[in-house]
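Residue-level structural notes
Listed below, chain by chain, are the residues.
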Amino acid sequence: MRKLLVGGNWKQNGTVKFAHDFSQNVLNKAKFDANKVEVVVSPSTLHLLTAKQALQNHIQVSAQNISQYKNGAYTGELSAEMLNDAGIHWTILGHSERRHVFGESDKVVGEKVKHALAHNLKVIACIGEKLDERESGKTQVVNERQLNAIRELVNDWSNVVIAYEPVWAIGTGKTASPEQAQEVHDQLRQWLKSNVSADAANATRILYGGSVTEKNADELIAKRDVDGFLVGGAALKEGFLDIIRAAN
Ligand code: PEP
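Analysis parameters
Residues numbered from 1 in each chain as written. Predicted model: local features only at pLDDT ≥ 70, side-chain atom pairs only at ≥ 80, totals over all residues. UniProt positions renumbered as here; feature names shortened; annotations may be inferred. pLDDT = per-residue confidence, 0-100. Pairing = 2+ DSSP bridges. Helix = DSSP H or I, 4+ residues; strand = E, 2+ residues; numbered from the N terminus. Axes fitted to C-alpha atoms, helices over the stretch in contact; angles between N-to-C directions. Contact = placed C-beta atoms within 7 Å. Core = buried A, V, L, I, M, F, W, Y, C linked by C-beta atoms within 7 Å. Buried ≥ 20, exposed ≤ 12 C-beta atoms within 10 Å, placed from the backbone. Right-handed = clockwise from strand over helix to strand, strands pointing away. Near = placed C-beta within 6 Å. Nonpolar A, V, L, I, M, F, W, Y, C, P; charged D, E, K, R; others polar.

Per an unreviewed UniProt entry, the chain goes by the name Triosephosphate isomerase and belongs to Stylonychia lemnae. What the UniProt record of the chain gives under Subunit (unreviewed entry) is the line "Homodimer." What UniProt states about the chain under its Sequence similarities (unreviewed entry) heading is, verbatim, "Belongs to the triosephosphate isomerase family."

Written out as structure tokens, the structure is:
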């Protein structure tokens, strides 16, 4: 059985006070079986350590992005070494906002995943199609193109979690139906089987992300190939505890 994972992506939100108080007063109250579920929250870079220090050990902390380069002259970036030094073991990579607002190519995302894994980080690698791509029947092509860019550089997927996040569902209130999510997750698992290994297909967690809330979490998690969530907006509210409960 795959351990489920519930991730919270705070994006560019919050204050030092929010990071502390929400961690201490809300997230620390989360009740879940750590043998069954992992919870990983992702504050902004500035708030990572505030959250980490306020959180009990059962909740892990993740960066939202890292540089593909080692420490050096890369103004404005965050390195894998810095996360290691701070005792932070996760990073999200390839989020659709990195791809479509900041222009990160499939190749750059692949390089970042490779670099993060080489520095012993665990990676939540995000993929997903835009609305016009879904409407023109290209969902699978786009997802596989994004995964192939990772596979070209990465052999061992044991520290990779895939987050399928259709761009049209992110922050829009339009969630993929459980059937739509299951259809894509099944395709992704088949892709892993054909392109990485049967073991990777069995073991790799595939999260769904895109307007997940406490109202739709139960029906999504009931699907066979949905192994948890990456949650944006709803991860900043108390209802996040109900999303964790749905996975537990
Ligand atoms: C996300 O940021 O990864 C996300 C899925 O956002 P939201 O839940 O707000 O759609």
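Next, the rest of the story.
**Examining the confidence of the model for the chain**
Per-residue pLDDT for the chain averages 97, and the proportion of residues at 70 or more is 100%. ipTM for the predicted complex: 0.97, alongside a pTM of 0.98.

**Some thoughts on the sheet that holds strand 3 (residues 59–63)**
Read once around its circumference, the closed barrel built from eight strands follows the order 1-2-3-4-5-6-7-8, with strand pairing classed as parallel. Each strand of the sheet is rotated relative to its neighbour by a mean of 30°, with strand direction disregarded. Both strand 3 and strand 4 (residues 90–93) contribute to a ladder of two bridges, which runs parallel. Note on strand 4: the bridge partner recorded for Ser62 is Trp90. Strands in contact with helix 11 (residues 240–247) are strand 1 (4–9), strand 2 (37–42) and strand 8 (228–231); relative to strand 1, the strand with the most contacts, it is inclined by about 165°.

**A closer look at the nonpolar core**
The biggest cluster of nonpolar side chains holds 71 residues, and the ones touching the most others in it are Val113, Val123, Ala125, Ile162, Leu207 and Ile243. Those residues in contact with Ile243 that lie beyond four places of it in its chain are Val6, Val212, Glu214, Ala217, Phe229, Val231 and Ala234.

**Looking at the pairing of strand 4**
Of the two faces of strand 4, both are covered, the one formed by Trp90 and Ile92 as well as the one formed by Thr91 and Leu93. You can see the chain leave strand 3, run along helix 3 (residues 80–86) and come back into strand 4, and the turn it takes is right-handed. Where strand 4 and strand 5 (residues 122–127) come together, four bridges link them in parallel fashion. Directly across from Ile92, in strand 5, lies its bridge partner Ile124.

**Section: the site of the ligand**
The local shell around the ligand holds 14 residues, among which Asn9, Ile170, Gly209, Gly232 and Gly233 are the closest. Here the shell around the ligand is composed, by residue class, of five nonpolar, seven polar and two charged.

**A word on the environment of Ala163**
With respect to the helices and strands, Ala163 occurs in strand 6 (residues 160–164). Looking at Ala163, the number of C-beta atoms within 10 Å reads 28, which means it is buried. Residues Ala163 and Ile124, 39 residues apart in the sequence, show an inter-C-alpha distance of 6.3 Å. Residue contacts for Ala163: discarding those within four places in its chain leaves Ile124, Ala125, Cys126, Leu207, Gly209 and Leu230.

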